[in-house]
Amino acid sequence: HCISSAASDVYKRQKMLTKFIFRNFKSFRDDTILDLSASKITEYADHLFDTGIEKVLPTVAIYGANASGKSNVYQAFEYMSQYVVNSFKFGGDDDSNQKSDFGYMKPTPFLFDSKSKNQESLFEVFFVDTGSESIKSYQYGFAVNSQGVTREWLNRKAKTARAYKRIFYRDAETLDLTGIPVKYRENLEISLEREVLISSLGAKLKIPKLKFIRDWFLQNEFADFGDPAESFFMSRFLPAGFVDNQEVQDNVVRFFSAFDDSIKGFHIQKVTSSDSDKKEEHYTIDAIHSMIDSDETASIPLHLESDGTLKMFALYPVLQEVLERGSVLFIDELNARLHPLLVKNFIHTFLTAELNPHRAQLVFTTHDTWQLSTDILRRDEIYFTQKDKQGISHLYSLADCIDEDGVKIRKDENFEKNYLNGKYKGIPVIDSFQVLPKERSEK
């Protein structure tokens, strides 16, 4: 089980992702849609979040062969989020010596045709805000190329409205701030540069409508377990209050007890740095285990625990955050170093109202086909990536697949067997490995 505490007022407004669209990013050349709006299928209706406007999926699993583009879906949403959060820092007067930070955030377009590699990359989200005053849908997006932002837009629609209403729009010739209060417009116009997003700058200027958008991205969490460096970093990130709050430590122990009841507690000791200039605090953490032949305990340095235990320790802080905020958690390679039953339990947390009262959402990539056979996921919660012969990745839902007779996939099919047999594609083309002998030169 995961710990759920009462959310503060700032998190009481539930904001759920309904659609993510991107184009011309890495291996995805064409319009790509990750749709979390529930389809009309009937299985597991209790999974769904009813926003008052539409029903939304709590989780999406993305399957696919190695190098098919699964991680690029994750990276596309991460890129969009990072750009929104950080772009207010970019730019600088061309005549000044101030160095622009935009260089490291330039997008990577599809590079294998001469047209796409010079075009803009596009990112767009739709999400629903179920605030206590009224329910609204938001459409926010931007396009960016190697020079900076080429387009950006924000639209909003009330529950009873038929169409979205513009809040702002910009491109190379237009700056329309119709939906921004007049008192903020001049500062935006003066400060805006081509590398900077209006949403990011507006949040910095404390414009409520724009801070609201930036904060939605800021509250989402990412965990890339396909990156060893990030995994190492995350395993050393402590849960909030873990060092000096016994209740938090007890909560972590209960979290571990779902898969490993041998850990009974933690011993934490502050490490004093000999470098007086360093202000960072460091701690050593030992996991406390029971002895099998006495009432005494034994301590083991946490870093010596299994890779699976360390991964779950790394996941705990982000899982705690998204469950309390009701935000979105993107995980790349959720199944890495975790038993399938543990992965199932992790997914189950997001599907269960009692464990997920604030309607957090989970999007993850995985190779764990066992989850396809456990009667846990709806057809529209299962996505595949497939790379064609031109090197272009495509993303599609199992709910949209059709068989050779043009019939949609039935809910009672054996998804795992059919996927591994290639019925839904998204699998590697396997040939015998060719291992060449070492070259030997004889004189």
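Structure shown above.
Presented here is a report on the structure given in the accompanying data block. Note that the structure is predicted; figures quoted are calculated from it, not measured. Counting from 1, residues in each chain are numbered in the order their sequence is written. Thresholds applied to this predicted model are a pLDDT of at least 70 for local features of residues and 80 or more for the giving and counting of side-chain atom pairs; totals over whole chains, interfaces and linings are not thresholded and use all residues. Working from all heavy atoms in the structure, the side-chain values ignore hydrogens and water.

Focus: the packing of aromatic side chains
For the record, the criterion: For Phe, Tyr and Trp, rings pair up if their centres lie within 6.5 Å, where Trp contributes its six-membered ring, and each pair is then called stacked (planes under 30 degrees apart), edge-to-face (over 60) or tilted (otherwise). Strands here are runs of E lasting at least two residues and helices are runs of H or I lasting at least four, both read from the DSSP assignment and numbered beginning at the N terminus. Any residue under 20% of the maximum accessible area for its type is buried, any over 50% is exposed, and the rest in between are partly exposed; the area is computed with a 1.4 Å probe on protein chains only.
The final tally for this structure, using the stated rule, is 38 aromatic pairs. Here the aromatic rings of Phe-77 and Phe-222 are separated by 6.0 Å at their centres, their planes lie at 40°, and the arrangement is tilted. Taken as a pair, Phe-77 in helix H1 (residues 70–86) and Phe-222 in strand E11 (residues 221–224) lie far apart in primary sequence, 145 residues in all. For Phe-77, a relative accessible area of 0% gives the class buried. Between Phe-126 and Tyr-164, the aromatic rings sit 6.1 Å apart at their centres with planes inclined by 70°, giving edge-to-face as the arrangement. Residue Phe-126 is found in strand E6 (residues 121–130), and its partner Tyr-164 is found in the loop between strand E8 (148–158) and strand E9 (165–170); the two are separated by 38 residues along the sequence. The exposure class assigned to Phe-126 is buried, which follows from its relative accessible area of 15%. On the basis of relative accessibility, which here comes to 30%, the residue Tyr-164 falls in the partly exposed class.

Some thoughts on the nonpolar core
Condition: In this description, a nonpolar core means a group of buried Ala, Val, Leu, Ile, Met, Phe, Trp, Tyr and Cys residues linked to one another through side-chain atoms lying within 4.5 Å. By definition in these notes, contact holds between two residues if any of their heavy atoms fall within 4.5 Å.
Judged by nonpolar contacts, the single largest core of 58 residues is most densely connected at Leu-34, Tyr-83, Val-125 and Tyr-140. A total of 9 residues in this core trace back to one element, the largest contributor, which is H1. Ignoring any residue separated from it by four or fewer positions in sequence, one finds Leu-34 in contact with Thr-18, Lys-19, Phe-20, Val-60, Ile-62, Phe-330, Val-363, Tyr-383 and Leu-395. If you look at the next biggest cluster of nonpolar residues, it comprises 49 residues, including Met-312, Tyr-316, Leu-334 and Phe-384.

Observations regarding the sheet that holds strand E2 (residues 32–35)
Definition in use: Whether two strands pair depends on DSSP finding at least two bridges between them. Where helices are involved, their axes are fitted lines through C-alpha atoms of the stretch in contact, as for all axes, and angles between N-to-C directions lie from 0 to 180°.
Reading across from one edge, E2-E1-E6-E7-E8-E9-E10 is the order of the 7 strands in this open sheet, with antiparallel pairing throughout. Unpaired on one side and paired on the other, E2 and strand E10 (175–176) mark the two borders of the sheet. Here 8 bridges tie strand E1 (residues 15–23) to E6, and the two strands are oriented antiparallel to one another. From the neighbouring strand, Leu-17 faces E6, where its bridge partner is Phe-127. Set on the sheet, H1 makes contact with E1, E6, strand E7 (135–145) and E8; between it and E7 the angle comes to about 95°. On the sheet, helix H4 (residues 208–219) packs against E1, E6, E7, E8 and E9 and is oriented at approximately 100° with respect to E6.

Quick notes on the pattern of salt bridges
It is possible for side chains of opposite charge to pair when their charged atoms get near one another. Rules: Any carboxyl oxygen of Asp or Glu that lies within 4 Å of a side-chain nitrogen of Lys or Arg is treated as forming a salt bridge with it.
Scanning all chains against the criterion turns up 15 salt bridges. Of the charged contacts, one joins Asp-113 and Arg-29 as a salt bridge, the two residues approaching to 3.5 Å between their closest N and O atoms. Taken together, the residues Asp-113 in the loop between H1 and E6 and Arg-29 in the loop between E1 and E2 connect sequence positions 84 residues apart. Judged by relative accessible area, which is 21%, Asp-113 ranks as partly exposed.

Quick notes on the side chain of Thr-130
By secondary structure assignment, the location of Thr-130 is in strand E6. Setting aside residues up to four positions removed in sequence, Thr-130 forms contacts with Gln-14, Met-16, Thr-51 and Ile-135.

All we've got here are geometric facts, nothing functional implied.
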